[in-house]
Amino acid sequence: MLSSANLNACYDLRREKVMEMVGDVYENVGKLIDVGELAFRTLTSLIGNMVWGGEIQGEQRTIVESQFKKIFAEIMVFLGKPNISDIFPSIAWFDIQGIERGMKKIRQSFNEFLDSVIEERMKKETGEQKSDVLQMLLDLHKNQDSPSSLTMNQIKGILVNIVVAGTDTTSGSTEWAMSELMQHPEMMEKVKKELNDVIGVNNTVEEFHLPNLRYLNAVIKETFRLHPVLPLLVPRCSARSLTVGGYTIPKGSRVFLNTWSIHRDPNIWDNPMEFQPERFLNEPGKLDFRGNDFRYLPFGSGRRKCPGINLGEKMLSFILASLLHSFEWKLPQDEKVDLSGKFGIIMGKKNPLHLIPTPRLTNLELYKRKS
Ligand code: HEM
């Protein structure tokens, strides 16, 4: 699903979802928009489509997408909470913090939703064959004799994993990048000038424009540095006892890698607390985010690094470029940008960014084009 060939094949879908988002904002010009929520809806719709096709439509889709946001927020809080039961397994059954009870409730909500999606697909199986992730997993389930056969629970786990990992991360980064640009008007001006030069005011953004947006790409890289959405990555567990930097790590320890600190280490970065996209602009090729340079790990590293780097990068710059090229954004009167974060396995903003859009393109017809 996330290979370059598959991503190229679903270019039209990405374009359609971004155009839908622009159309959505256009219909709400002059009103307050929750930027993170807007990006989240766009990504849930895109990734949902890539994972289980167009199985959910219309009113049901709207309900699912709004429920997802709430459920995801709860999951992120639970996943990020240090669990006392891990430190004192003998009292685990008390579940003092209610983490297990909370996760069970969430699992039930997801289970009900996924059961209905899978049931819909099974009903249609005799008709047109789909080629999405759900179908691929169901085919593995049917082939019970194969060593790669999957149980229904495993299928549901994989589906949830992809959707959870792909949506909140990318929408969170969108919200952080927009917040930093609102906080730095001179940088916002540079981005807008670049968009005008590369795309033109009588055009909408297309994916082939994105590699030419050098300044915007530097803004994205700097956003990843200062606001890594998974600040402690995904927890690791040591398979054997070993020594790292003079510290003994016993077999079976849970290990967290603090990229938030690494990305703000003054021994590595000049003025680490300042948002300065130029640091990436002036040194092209330095510090890519593919996990090869341990000073900069927004997508992690090693065998468990993010498999969605290409899709995440494409969608983040497509969404940002489109929002910034198609609209002017301003804060509600007397409001300031709040850059505080909220702790969880995903570090989102503490307070959502609400902005008011006005059209920026000269040809208003461009807002109505849906495909
Ligand atoms: C800006 C966007 C994104 C960022 C910053 C991001 C970041 C990350 C990070 C830091 C990890 C943990 C890696 C580690 O522990 O070494 C991760 C894992 C993961 N990501 Fe992403 N991600 C993004 C988008 C996506 C997308 C679009 C998808 C797929 C649709 C995706 C799917 C996954 C999956 C499935 C994992 C778990 C991998 C595993 O545990 O083996 N991510 N991501």
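Cut-off values and rules
- Residues numbered from 1 in each chain as written.
- Predicted model: local features only at pLDDT ≥ 70, side-chain atom pairs only at ≥ 80, totals over all residues.
- Heavy atoms only, no water.
- Near = heavy atom within 4 Å.
- Polar contact = N/O pair within 3.5 Å; in protein donor to acceptor, adjacent residues only side chain to side chain.
- Helix = DSSP H or I, 4+ residues; strand = E, 2+ residues; numbered from the N terminus.
- Nonpolar A, V, L, I, M, F, W, Y, C, P; charged D, E, K, R; others polar.
- UniProt positions renumbered as here; feature names shortened; annotations may be inferred.
- Buried < 20%, exposed > 50% of the residue type's maximum accessible area, 1.4 Å probe, protein only.
- Salt bridge = Lys/Arg side-chain N within 4 Å of Asp/Glu carboxyl O.
- Pairing = 2+ DSSP bridges.
- Contact = heavy atoms within 4.5 Å.
- Axes fitted to C-alpha atoms, helices over the stretch in contact; angles between N-to-C directions.
- Phe/Tyr/Trp six-rings, centres within 6.5 Å; stacked < 30°, edge-to-face > 60°.
- Patch = residues over 30% accessible without salt bridge, like charges linked within 9 Å, V, L, I, M, F, W, Y side chains within 5 Å.
- Areas by Shrake-Rupley, 256 points an atom, 1.4 Å probe, with all protein chains shown as cover.

### Observations concerning the site of the ligand
Alright, step 1. Around the ligand sit 25 residues, and of these Val234, Arg236, Pro298, Arg304 and Cys306 come closest.
Alright, step 2. Here an oxygen atom of the ligand and a backbone polar atom of valine 234 are 3.0 Å apart.
Alright, step 3. Take arginine 236: an N or O atom from its side chain is 2.5 Å from an oxygen atom of the ligand.
Alright, step 4. At the level of elements, α8 (152-183) and α13 (309-326) are the ones that each hand at least two residues to the shell around the ligand.
Alright, step 5. Examining the composition of the shell around the ligand, we find that six residues originate from one element, α8, more than from any other.
Alright, step 6. For the shell around the ligand, the class distribution of residues is 14 nonpolar, eight polar and three charged.

### Re the UniProt feature "binding site: heme" (unreviewed entry) in the chain
Alright, step 1. As annotated in UniProt, the feature "binding site: heme" (unreviewed entry) corresponds to Cys306 in the numbering used here.
Alright, step 2. Topologically, cysteine 306 is positioned in the loop between α12 (278-281) and α13.
Alright, step 3. We classify cysteine 306 as partly exposed; its relative accessible area is 28%.

### Details of the pattern of salt bridges
Alright, step 1. All chains considered together, the criterion is met by 19 salt bridges.
Alright, step 2. Close ionic contact of lysine 156 with aspartate 115 constitutes a salt bridge, the shortest N to O distance being 2.8 Å. One end of the pair, lysine 156, is in helix α8; the other, aspartate 115, is in helix α6 (residues 99-124), and 41 residues separate them in sequence.
Alright, step 3. Given the relative accessible area of 11%, lysine 156 is considered buried.
Alright, step 4. Of the charged contacts in the structure, one is a salt bridge between arginine 279 and glutamate 222, with a shortest N-O distance of 3.1 Å. Here arginine 279, found in helix α12, pairs with glutamate 222, found in helix α10 (residues 214-226); they are 57 residues apart in sequence, far enough to count as distant. Residue arginine 279 shares its accessibility class with glutamate 222, and that shared class is buried.

### Some remarks on the sheet that holds strand β9 (residues 354-359)
Picture the strands of a sheet paired through backbone hydrogen bonds; they go either parallel or antiparallel.
Alright, step 1. The three strands are arranged β1-β9-β6 in an open sheet whose pairing can be described as antiparallel. Two strands bound the open sheet, and with one partner strand each, they are β1 (33-34) and β6 (327-330).
Alright, step 2. Taken together, the four bridges between β6 and β9 define a ladder with antiparallel strand orientation. Looking at β9, one finds that glutamate 328 is bridged to threonine 358.
Alright, step 3. Relative to β6, helix α2 (residues 11-27) is tilted by about 60 degrees, and along the sheet it contacts β1, β6 and β9.

### So, the packing of aromatic side chains
Alright, step 1. Applying the stated criterion across every chain yields a total of ten aromatic pairs.
Alright, step 2. Ring geometry for tryptophan 269 and phenylalanine 280: centres 6.1 Å apart, planes at 50 degrees, overall tilted. In this pair, tryptophan 269 sits in the loop between α11 (259-262) and α12 while phenylalanine 280 sits in helix α12, placing the two residues eleven residues apart along the sequence.
Alright, step 3. For phenylalanine 280, a relative accessible area of 7% corresponds to the buried category.
Alright, step 4. Ring centres of phenylalanine 289 and phenylalanine 299 lie 5.1 Å apart, and the angle between their planes is 50 degrees; on these two criteria the pair is classed as tilted. One end of the pair, phenylalanine 289, is in the loop between α12 and α13; the other, phenylalanine 299, is in the loop between α12 and α13, with ten residues separating them in the sequence.

### Considerations on a nonpolar patch on the surface
Alright, step 1. Taken together, the side chains of Ile84, Ile87, Phe88, Trp93, Phe94 and Ile96 define a hydrophobic patch exposed on the protein surface, amounting to about 710 Å² of accessible area.
Alright, step 2. Tracing the sequence through the fold places tryptophan 93 in the loop between α5 (84-87) and α6.

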